[in-house]
Every structure is written in C-alpha cells, then in structure tokens.
Amino acid sequence: MSWVQAILLARGLSGGWGGICGPTLTGAPFSQVTSQVLRGLHCSAATHSSNSDSSLVPDPPELSRRSVKALVPHEELFGQAPSGERDKASFVQAMQNFRQHSVRKRGHVDFIYLALRKMRQYGVERDLAVYNMLLDIFPKEVFRPRSIIQHIFVHYPRQQECGVAVLEQMENHGVMPNKETEFLLIQIFGRKSYPMLKFLRMKLWFSRFKNINPFPVPQDLPQDPVDLAKLGLRHMEPNLSARVTVYQMPLSKDSTGAADPTQPHIVGIQSPDQQAALACHNPARPIFVEGPFSLWLRDKCVYYHILRADLLAPEEREVEEIPEEWNLYYPMQLDLDYGRSSWDDYEFDIEEVEEGPVFAMCMAGAHDQATLAKWIQGLQETNPALARIPVVFRLAGSTGELLAASPGLEEPPPPPPAQGQEEEDDKLQRRQQQGQS
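What you are looking at is a predicted structure, and each value in this text was computed from that prediction instead of being measured.

J.: Please clarify how the pairing of strand β5 (residues 358-364) should be interpreted in this entry.
T.: Each regular strand displays side chains that alternate between the two surfaces of the sheet. For β5, the tally of buried residues reaches six of seven residues, placing the bulk of the element in the interior. With four bridges joining them, strand β2 (residues 266-270) and β5 adopt antiparallel strand pairing. Paired with G268 across the bridge in β5 is C362. Across four bridges, the pairing between strand β4 (residues 300-309) and β5 is antiparallel.

As structure tokens, this is what we get:
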C-alpha cells in the first residue's frame, strides 16, 4: 500500500468516526447512528478525499451579480478643463494636474497609456512638444540599468514597453523625434534600452523615407467636400493636363429657394486624351458607369465612380504604328540569340489583365443613379458624342439599367416568353433536378 492510499484510508476512517460521534453527542437515536456508521465506513476513499479537500481549500468569493463598471484611473484629470473644450491647452493642463496630484509620479504608466488614447480627441496626435511632455512624466535616473545583469534581464520592462508605445504612436502619425526626445530617453532609460533602440531606428529610416512618396498627401486635409474631391481626383489622375470640373455645388438642408434643397456635390475630371478616345468610341457599343470605389486619403475615405467601356476584341483593335524617331524605346524590336541551356525556364508567371478604356471619373455626395445622371448630362457639354452613346449604370447594390441619351436609341424590353416555351423550360429544369438527385 502506497502512502497516498494510506492517507486516503485514514481520512475515510476519520470521516466515519466523525459520523459516529456527531449524532451521538447531539442525542440522535441509535438507528440513525448505525446507518451513518455504515455509510461512513463503506463509502469509497475517493469520495471522502474530495470532501476533505474541499473543506481544506477556502471557497472562492461569489461574484456579485451587479455589473460594476471599472473606472479608468486618472480619467477625471481630463475632464477638469474650465472651458470644456478639448484642445492642446486642456491636454497640457491635464498633464500638469497629474504632476501636482502625484508628486512621486505614482501610476505614471497608466496615465501615459490613457493620454495616448486621448490624444486624437484633443487633436494633438501630431504635436512633437506634447510627446516630449509625456516622456518627461517618467521619473528620471530610476529605470536606467546599473549592471550587466540588469542589461541582460530587461530592467523595468513595463516602463520600457510604455516608452516604446509612445514612440510607436509617434511613428504611426509621422512625427519625427528630435534632440530633446533623445535626451529624455537617455535620462530615463539609458542608452542601452529598448526605447533608445526604437529611437535610433526611427531616426535612421524616417530621414530616408520622409520624401519617398512621389505623390504626397498633405497632412491637414481640407474639410470642404468639394476641395477634398478635387484633391482625390488629382491624386488619381496622372495626366497633368486633366481638367477638374464642378458640375454641382452642395446645398444644405437649411437652404431655401432651391429646386432640390438637398442636392449633393458632383466633381469630375477628364483629360484631353480621354475626350478624344470618347469621341472615337463606337456608338453601337454601350459605356458603363461603375462604382463606388473607395480611396483613402490618410484617415479619410472618399468614393469615386468611373465611366468606362469594355475591351475591344483583338481583331477589332487598330494597332498604331509609331515611327522609330518618335519612339522613346528605340529600337522597337531587338532580336538577340543568346545561348540557353535546358535548365532555363521560358515560362514566367506574369498575369497581365487588360482593361477597357476609362473616359472620365467623378466624386459625388450621393451614389444613386439620379445624381450620376446629372454628371453624364454635364459631360455631354464637352463631349457631344456622348449624346449618341447608351450609358449603363453598374452601381453597387443595384441592377444595371440602360439609359439612352435620346429616345430613339432606347432598346425595347425583351418580349415575354410564350406559354409553350415556359412548359418546355419547366420540363428541362425537372429533368436536371432528377439527374442531380
């Protein structure tokens, strides 16, 4: 018998004798005592062991059924602004109140994490001076490692993670740290720390990638939807000779004296090459209005529509021969016979998807067919050939309908199927279902 079984047996016997003595001392009748004795002696040791173990371990406290909302620490500091406005002055005042509230800066990590979440609400997420003031909240000369052991085992890891979080938010918003940031990091964490390593990487790569975008987007985007639409269309159109046209200005709901008091804005763009391609388009082939497609300008999302046509068949395309003196890639054909071995792979995984021509683009405040029809009417003033071409709307969540510029070009609806044809179709569907089953 092992010592575990011996302990379990001893506990079972003690439970049995407890069952004998308990009722006897309380004055219970002997018949009840005998049944309790037998129940205590003949029950398994595992049952008594589970009961004894549960008696030794204290029961966990019962959770209250009421849902108590946990208060975020230092939340009240950001609501003490006298004016109630959320700007840089009130944000700086909240940091000064924390310094006065906690002289020893106890709970500074929680306050910095809370301040990082509040920066967007106060509009200071791109202010370098505010980030330096946040780093200045850390106690100085406390978290610097003093020995090689502290260097190996990350010294004060929670504080270092908080410092890295400040630098990561600066990186996400494109804020370049300066000498003051470096001095604060050295004074707080030392040179050989993770926040300092993050600073060195930002200093290296930010200076190289700062002006790498050939089509930069301004930091402060315009608030006017018309100006924002102009910026988005200019950002997408590579041709500098393209012309931006405002077909309709927005009117608010409070405006009076207008036929449509809630008319949205309509802004379009078209280049001279697109106008020439639209003039040469075959009127027998329809063109399509597709969209809306999303375009992100920093943290704002705008939607645009395109006016395009299907790709022509290869036999219908006209190949324009370019003279050699006009071609920038002269010579046009270069046949060189290189010696290749049997290991050379002549097949390349290149997916070339050819699309049809795009004749114009627009951004509108509404994405319905009535609004886009006004854009097509505005395009007809500069593109007379558009009046003879049918336009099909392929909008998201709607069925494409054929919209003709003149009643003569409107296609008649398809005739209803005959009664005999419907019966044949039903029989064919039944045969297919029987074959599948």
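J.: Help me understand the side chain of Q248 in this model?
T.: In this fold, Q248 is placed in strand β1 (residues 243-248). By relative accessible area, which is 12% here, Q248 ends up buried. In terms of polar contacts, Q248 uses its side chain to reach the backbone carbonyl oxygen of P264, at 2.5 Å. When neighbours within four sequence positions are excluded, Q248 is seen to be in contact with Q263, P264, H265, I266 and K374.

J.: Help me out: how do you make sense of the pattern of salt bridges in this one?
T.: Close approach of charged atoms allows side chains of opposite charge to pair. Taken as a whole and judged by the stated rule, the model has 11 salt bridges. Between R158 and D110 there is a salt bridge whose closest N-O contact spans 2.8 Å. Of this pair, R158 sits in helix α8 (residues 157-172) while D110 sits in helix α5 (residues 108-122), and the two are 48 residues apart along the sequence. Exposure remark for D110: the relative accessible area of 32% places this residue in the partly exposed category. A salt bridge links R126 to E125; the shortest N-O distance between them is 3.8 Å. Because the salt bridges share partners, they merge into one network encompassing E290, R308, D310 and R394.

J.: Sorry if this is basic, but what is going on with the packing of aromatic side chains here?
T.: Evaluation of the coordinates by the stated rule reveals eight aromatic pairs. In this structure an aromatic cluster arises from ring pairing among F138, F143, Y156 and F189. If you follow R208 out to its NZ or CZ, it ends over the ring of W205, 5.5 Å from the centre. The ring of F288 carries R394 above its face, with NZ or CZ at 3.6 Å from the centroid.

Scoring rules and cut-offs
- Residues numbered from 1 in each chain as written.
- Predicted model: local features only at pLDDT ≥ 70, side-chain atom pairs only at ≥ 80, totals over all residues.
- Heavy atoms only, no water.
- Buried < 20%, exposed > 50% of the residue type's maximum accessible area, 1.4 Å probe, protein only.
- Helix = DSSP H or I, 4+ residues; strand = E, 2+ residues; numbered from the N terminus.
- Pairing = 2+ DSSP bridges.
- Polar contact = N/O pair within 3.5 Å; in protein donor to acceptor, adjacent residues only side chain to side chain.
- Contact = heavy atoms within 4.5 Å.
- Salt bridge = Lys/Arg side-chain N within 4 Å of Asp/Glu carboxyl O.
- Phe/Tyr/Trp six-rings, centres within 6.5 Å; stacked < 30°, edge-to-face > 60°.
- Lys NZ or Arg CZ within 6 Å of the ring centre and 35° of its normal.

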